[in-house]
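# Observations on the three-dimensional arrangement
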Amino acid sequence: MDFIGSIFGYVLWFAYQLVHNYALAIFIFTIIAKIIMFPSSVKQQKTMAGNARMQAKMNALREKYANNREKLQEETQKLYEKEGVSPYGGCLTSIIPMFIMLGIFYSVAYPLTNTLHLDKAMVENAKNVLVSIPGLNISTSAMYGGQIDIMKYFTSFESIQACFEGAKVTIPEITEFCASFNFSGINLLETPSTLGFSWYLLIPVLCFATSVVSQMIMTKLNGNGAAQQGCMKAMILLLPLFSAYLAYTVPAAVGFYWICSTVLGFVQSLVLHYFFGPDMMVARGEAARVALLEKQEATVRRL
């Protein structure tokens, strides 16, 4: 994932060069990432729409063959073939975006090595210098390799700056990059869990709220509300809760990215639903069926 994060880091650095503000760069970067993953999102939406379209027929088969599992499996397979939907069609389109998202996360969470592409030895040396400074109480096992902490204290200690002498990115450029994490009075280098009750708590709260609302709306729009039972309904809350907890314990820059990604992903899902929603897919399927019948009838010789 660190290798993929390094690749996406070039995209994030390009976005930063356009606006020279890390928060805005994350927003632009997220848009670019959504464009890259758009073909996969289209396939995933089509699969969801196809499954929603088949839900009523699947329920009818379950009632008809409730006591004959072998016949149920046989008829289910025939239904999938007839409808042109694969039961595993959404697996690959779900796995690929997950790996891409992890790579994007690494590019945001490790800004020195994956965005600035500084030498890892220099970064490690800077971390060792940082943890040895009295009064800071920074652990050598600091999350994200201590890179966020290095940037947080970069302008305060010349000993840290000295670790990057001769790097391909100059000290003034690194200084400017660290300063760009300030956005509307919020320092994205800060971690909400270390600041107590503050405005920074809005970041994990927004992570949870945007994720839950978007999932609930899209589940309802795709006609899967009735199909979500038990643990599936619980996952709608558990995953956002987990992401909110992470956003509480990690630097605000990571949580800010998750919020941008969720909101833009929700907008993208609404657009995809408009073009590839269950009702639209049913209408297109019926239109294609009628067109095929008309074509077949045209080939029949009149008596």
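Small disclaimer: the values here were computed from a predicted structure and weren't measured.

## Concerning the overall build of the chain
Across its full length, the chain holds 14 helices and 2 strands. Of all 303 residues assigned to the chain, the portion counted as buried reaches 42%. Relative to all contacts within the chain whose residues are 6 or more apart in sequence, the contacts with residues 24 or more apart total 73%. Per element, the accessible surface of the chain, about 17,100 Å² overall, is 64% carbon and sulfur.

## A short note on the packing of aromatic side chains
Going through the model one piece at a time under the given rule, you end up with 10 aromatic pairs. Measuring from ring centre to ring centre gives 5.0 Å for Tyr16 and Phe177, while their planes differ by 85°; the resulting arrangement is edge-to-face. In this pair, Tyr16 is assigned in helix H1 (residues 2-19) and Phe177 in helix H10 (residues 171-179), connecting sequence segments 161 residues apart. Grouping residues by exposure puts Tyr16 and Phe177 together as buried. Through pairs of rings, three or more aromatic residues link up here, namely Trp13, Tyr16, Tyr22, Phe177 and Phe181.

## Quick notes on H10
Where H10 is concerned, the buried positions are Ile171, Ile174, Phe177 and Cys178. The buried residues of H10 occupy one face: seen down the axis, they fall within an arc of 120°. Close packing links the buried residues of H10 with H1, helix H2 (22-36), helix H6 (111-115), helix H8 (147-152) and helix H9 (158-162).

## A word on the nonpolar core
One finds Leu118, Ile160 and Phe164 to be the most contacted residues of the largest nonpolar core, which totals 51 residues. Listing elements by their share of this core, those giving two or more residues are H1, H2, helix H5 (89-109), helix H7 (120-131), H8, H10, helix H11 (202-221) and helix H13 (252-276). Tallying contributions element by element places H13 first for this core, with 8 residues. Apart from residues no more than four positions distant in its own chain, Leu118 is found in contact with Leu112, Thr113, Val123, Phe164, Ala167, Val169 and Ile174.

## Focus: a nonpolar patch on the surface
Residues Val263, Val267, Val271, Tyr274 and Phe275 make up a contiguous nonpolar surface patch of roughly 470 Å² in combined accessible area. Tracing the chain through its elements places Val267 in helix H13.

## Remarks on the pattern of salt bridges
This model, assessed by the stated rule, comprises 2 salt bridges. As a salt-bridge pair, Lys127 and Glu124 come within 3.6 Å of each other at their nearest N and O atoms. Here the residue Lys127 and the residue Glu124 both occupy positions in helix H7, the gap between them amounting to 3 residues, near one helical turn. Residue Lys127 is classed as buried on the basis of its relative accessible area of 10%. Classification of Glu124 as partly exposed rests on a relative accessible area of 39%. Two residues, Lys152 and Glu190, come together in a salt bridge whose shortest N-O distance is 3.0 Å. With Lys152 in helix H8 and Glu190 in the loop between strand E2 (186-187) and H11, this pair connects stretches of sequence that are 38 residues apart. The exposure class assigned to Lys152 is partly exposed, which follows from its relative accessible area of 27%.

## Let's talk about the confidence of the model for the chain
With 76% of its residues at a pLDDT of 70 or more, the chain has an overall mean of 78. Here helix H14 (residues 278-298) is the element of the chain with the lowest mean pLDDT, 63, and H9 is the one with the highest, 91. Under a pLDDT of 50 for its full length, residues 226-231 has, in the predicted model, 3 contacts with residues more than four places off or in other chains.

## As for the environment of Ile150
Residue position: Ile150 is located in helix H8. Taking the C-alpha atoms as reference points, Ile150 and Asn128, separated by 22 residues in sequence, lie 9.9 Å from one another. Look past the residues within four positions of Ile150 in its chain and what remains in contact with it is Leu112, Val123, Ala126, Lys127, Leu130, Ile160 and Phe164.

Calculation criteria
Residues numbered from 1 in each chain as written. Predicted model: local features only at pLDDT ≥ 70, side-chain atom pairs only at ≥ 80, totals over all residues. Heavy atoms only, no water. Helix = DSSP H or I, 4+ residues; strand = E, 2+ residues; numbered from the N terminus. Buried < 20%, exposed > 50% of the residue type's maximum accessible area, 1.4 Å probe, protein only. Contact = heavy atoms within 4.5 Å. Areas by Shrake-Rupley, 256 points an atom, 1.4 Å probe, with all protein chains shown as cover. Phe/Tyr/Trp six-rings, centres within 6.5 Å; stacked < 30°, edge-to-face > 60°. Arc of directions from axis to C-beta. Core = buried A, V, L, I, M, F, W, Y, C linked by side-chain atoms within 4.5 Å. Patch = residues over 30% accessible without salt bridge, like charges linked within 9 Å, V, L, I, M, F, W, Y side chains within 5 Å. Salt bridge = Lys/Arg side-chain N within 4 Å of Asp/Glu carboxyl O. pLDDT = per-residue confidence, 0-100.

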